[in-house]
Amino acid sequence: MKIKLTKGAIENPLIRQLERVSGEELKRCYQCGKCSAGCPVTFAMEIPPSQIMRFLQIGMMDDVMKANSMWVCVGCLQCYARCPQSVSVANVLEGLRQLHLRKGEDREQIKDVPFPFLKNAPQQAIVCGFRKFVS
Amino acid sequence: MKIPYYPGCTLNTVAKGFETSAKEAALSIGFELAEMPAWNCCGATFPLTPDNLIALSAPAKVLSSARKTGESLTTLCSVCYNVLKRTNSVMKNDREKRAVINGFIETDYDGSLNVTHFLEILRDNIGFDKVKAAVKQPLTGLKAAAYYGCMLLRPFEDMGIDDAEDPVVMENLLAALGAEAIKSPNRIECCGAHLAMTNEDIVVKLSGTIMTSAVRNGAELIVTTCPLCQYNLEKSQSRVASDTPGYAGIPIVYFTQMLGLALGQDVDTLGFDKNIWDARPLLRKKGIIK
Ligand code: SF4
Ligand code: SF4
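We now turn to the structure provided with this report.

Concerning the overall build of chain A
A tally of regular secondary structure across chain A gives 10 helices and zero strands. When the helices and strands of chain A are placed in sequence order, the string is α-α-α-α-α-α-α-α-α-α. Relative to the 2.2 N^0.38 estimate, which gives 14 Å for 135 residues, the radius of gyration of chain A is 16 Å and therefore close to what a compact globule would have. Within chain A, buried positions represent 54% of all 135 residues. Sequence separation of at least 24 residues holds for 66% of the intrachain contacts in chain A that already meet a minimum separation of 6. Working note: accessible area of chain A is about 6,600 Å², and carbon and sulfur atoms make up 53% of it.

Quick word on the overall build of chain B
A count of helical and extended segments in chain B gives 13 helices and eight strands. A compact globule built from 290 residues should have a C-alpha radius of gyration of about 19 Å, and chain B, at 19 Å, falls within 12% of that. Looking at chain B residue by residue over its 290 residues, the buried ones come to 61%. Sequence-distant contacts in chain B: of pairs separated by 6 or more residues, those separated by 24 or more amount to 75%. Taken as a whole, chain B presents about 11,100 Å² of accessible surface, with 50% of it coming from carbon and sulfur. Positive and negative side-chain charges of chain B, numbering 30 and 32 respectively, have mean locations separated by a distance of 3 Å.

Looking at the site of ligand 1
Around ligand 1, the surrounding shell consists of Cys29(A), Tyr30(A), Gln31(A), Cys32(A), Gly33(A), Lys34(A), Cys35(A), Ser50(A), Cys83(A), Pro84(A), Val87(A) and Val89(A). Each residue belonging to the shell around ligand 1 can be placed in one class, and the counts come to eight nonpolar, three polar and one charged.

What about the pattern of salt bridges?
Taken as a whole, this structure holds 21 salt bridges over all chains when the rule is applied. In this structure, the salt-bridge partner of Glu165(B) is Arg82(A), at a minimum N-O distance of 2.8 Å. Of this pair, Glu165(B) sits in the loop between helix H8 (156-159) and helix H9 (169-176) while Arg82(A) sits in helix H7 (residues 78-82), on two different chains. Residue Glu165(B) is classed as partly exposed on the basis of its relative accessible area of 38%. Lys23(B) serves as the salt-bridge partner of Glu35(B), at 4.0 Å between the closest nitrogen and oxygen. Here the residue Glu35(B) occupies a position in strand E2 (residues 32-35), and Lys23(B) occupies one in helix H2 (residues 16-28), the gap between them amounting to 12 residues. Owing to a relative accessible area of 35%, Glu35(B) belongs among the partly exposed residues under this scheme. Three or more residues joined by partner-sharing salt bridges are found here, namely Asp166(B), Glu171(B), Lys183(B) and Arg187(B).

A closer look at the site of ligand 2
All names here are of chain A. With respect to spatial proximity, 14 residues lie near ligand 2, and among them Cys39, Cys73, Cys76, Leu77 and Cys79 are the closest. Elements with a minimum of two residues in the shell around ligand 2: H7 and helix H8 (89-101). A per-class count over the shell around ligand 2 returns 12 nonpolar, two polar and no charged.

Reading guide: rules and limits
- Residues numbered from 1 in each chain as written.
- Chains lettered and ligands numbered in written order.
- Predicted model: local features only at pLDDT ≥ 70, side-chain atom pairs only at ≥ 80, totals over all residues.
- Heavy atoms only, no water.
- Helix = DSSP H or I, 4+ residues; strand = E, 2+ residues; numbered from the N terminus.
- Rg over C-alpha atoms; globule rule 2.2 N^0.38 Å.
- Buried < 20%, exposed > 50% of the residue type's maximum accessible area, 1.4 Å probe, protein only.
- Contact = heavy atoms within 4.5 Å.
- Areas by Shrake-Rupley, 256 points an atom, 1.4 Å probe, with all protein chains shown as cover.
- Lys, Arg positive; Asp, Glu negative; His and termini not counted.
- Charge placed at Lys NZ, Arg CZ, Asp CG, Glu CD.
- Near = heavy atom within 4 Å.
- Nonpolar A, V, L, I, M, F, W, Y, C, P; charged D, E, K, R; others polar.
- Salt bridge = Lys/Arg side-chain N within 4 Å of Asp/Glu carboxyl O.

Following this line, the structure appears as structure tokens:
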């Protein structure tokens, strides 16, 4: 894949906003890959955690916003626990979800959640799911 | 002795067996888990974006109202523990956020409550040696794997209940109850959590790895502290069994159910019938129950 880096993309205001919302300084990541190695859902992510960090560092915000990574992150904090730089990719991914949700772009419709799940699942799963997927 | 206790939304309903077994077990070692009055849901997720203060108002309200009548608050559910303890540390250490959150909920809470997990009460206040001395029906010969998941342990600087990579608290409890504690390498991995709502395939894969790795390491039963872990693991059993040759399923129980059993409670009061995968045939085979 050919990637064209531009100053404009790297200084994308949306990326600065993401840094503010997530409280994470993207440039602290030095690409060791330990987050992707420890993350239990790397296999299901279109862009793995360490690459999310790199994409954002070089201004590839559009790719990151389109990828499923933020929606399959379970928030388990294994990435943060393993990061030698104390970066929390979990916070960055939650920041990305929030960028969608704060614009009212919900990931799930409550009416689409299967009824047996609503009936039988622990309430904590339902409350948590709605917090992650619905604005 | 009364210990103020916060059940949270799930323990009063879906995970009733978790709560009743804990309450009974507490009574048999001489204290009462006394449910705090007028509580609300903690929100079931600690917001990972630090500017999301509105999400901290529900847990802060619980903490502030518990502080009015006591100095500590105990939880059983790992998620409640995580949310309340992390919120408490914001209320204690961040003056600016504290002022905003107190403004939302019209209180002046300062973070001075001591938020604990029931495992800490057993380990630090009672002592596992005393628990061991109170055992009436040792779990001899039972190979039990502790499954921690995420929320009890991480992030270490806020939770601090045990080493986040190599915890021992549940293994030590199981050993005190007479069981053989099995350590499985996947015991601190995530079960898939709230993805149960949207991505069942991921949950089955994650839960499957946790269960099959426990079985490969010799476990006959898995012990957990979280109703969502319990649900995800149990729900995944049949799909994991059809995908994994030689895997026939494993009971997933709450640590309090094993505690109650060892302390001599009647098995019928411990909520084993509420688990999808019944642990009683195994316990019978081991001679632990009749
Ligand atoms: S573990 Fe930390 S430093 Fe390493 S790639 Fe991941 S975020 Fe970057
Ligand atoms: S918090 Fe998300 S990104 Fe981090 S390890 Fe867990 S699932 Fe992976």
